[in-house]
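The primary structure of each chain is shown beneath.
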Amino acid sequence: MILEVAVLNVISGWETQFEKDFAIAGQYICAIKGYIRHSLSKCIEQPNKYILLVEWQTLEDHTVGFRQSADYLEWKRLLHHYYDPFPVVEHFERVV
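Residues numbered from 1 in each chain as written. Predicted model: local features only at pLDDT ≥ 70, side-chain atom pairs only at ≥ 80, totals over all residues. Heavy atoms only, no water.

Moving on to the pattern of salt bridges. Applying the stated criterion to the full structure yields 4 salt bridges. Between D61 and K33 there is a salt bridge whose closest N-O contact spans 3.8 Å. You can see D61 sitting in helix α2 (residues 59–66) and its partner K33 sitting in the loop between α1 (15–30) and β2 (35–42), a full 28 residues away along the chain. K33 gets classed as exposed once you look at its relative accessible area, which sits at 66%. (Salt bridge = Lys/Arg side-chain N within 4 Å of Asp/Glu carboxyl O. Helix = DSSP H or I, 4+ residues; strand = E, 2+ residues; numbered from the N terminus. Buried < 20%, exposed > 50% of the residue type's maximum accessible area, 1.4 Å probe, protein only.)

Quick look at the structure:
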């Protein structure tokens, strides 16, 4: 299992619309082979900051299966204009 982690800094004032569009975008990531589950959490101290966690069966399920799909284009259309700066996405694997 691979854990994708992204800290999302949403343009201040756009949080409510971002959360609505994120709920819609969830259908696109859920449809990808190798997807396990995801969660979006909002920072208490900085209300325009979120953390996205996505569990994938393999790294390639995310980097190839999702990123090279038509579903990713819809995800991107719905969400990418909210970020400033654009998030760094990292992948982790369980050690213990």
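There is more to say after this.
Moving on, we get to the pairing of strand β3 (residues 49–56). Within a regular strand, side chains alternate between the sheet's two faces. Relative to β3, strand β1 (residues 2–9) runs antiparallel, the two sharing 8 bridges. Bridging across to β3, L8 finds its partner in Y50. Inspection of the sheet shows β2 paired to β3 by 7 bridges, in the antiparallel sense. Its bridge partner being in β3, S39 is matched across the sheet by L53. What sits between the antiparallel neighbours β2 and β3 is a turn of 6 residues. (Pairing = 2+ DSSP bridges.)

Under the counting rule described, the total for this entry stands at 11 aromatic pairs. When the ring of W56 is compared with that of F66, the centres are 5.9 Å apart and the planes differ by 35°; the resulting orientation is tilted. One end of the pair, W56, is in strand β3; the other, F66, is in helix α2, with 10 residues separating them in the sequence. Of the two residues examined, W56 and F66, each falls in the buried class. Ring plane angle 85° and centroid distance 5.7 Å describe the contact between F66 and W75, whose orientation is recorded as edge-to-face. Looking at F66, the relative accessible area reads 2%, which means it is buried. Among the aromatic side chains, those forming a connected cluster through ring pairs are W14, F18, F22, Y35, Y50, W56, F66, Y72, W75, Y82, Y83 and F86. (Phe/Tyr/Trp six-rings, centres within 6.5 Å; stacked < 30°, edge-to-face > 60°.)

On to the sheet that holds β3. Within the open sheet, the 4 strands sit side by side as β2-β3-β1-β4. Their pairing is antiparallel. Two strands close off the open sheet at either side, each with one partner strand: β2 and β4 (89–93). Sheet twist, expressed as the average angle between the axes of neighbouring strands with direction ignored, equals 20°. Bridge analysis of β1 against β4 gives 5 bridges, and the strand direction is antiparallel. For E4, the partnering residue across the bridge sits in β4 and is H91. Docked against the sheet, α1 engages β1, β2 and β3, running at close to 175° with respect to β2. In this fold α2 packs onto β1, β3 and β4, with an angle of close to 150° to the strand it touches most, β4. (Axes fitted to C-alpha atoms, helices over the stretch in contact; angles between N-to-C directions. Contact = heavy atoms within 4.5 Å.)

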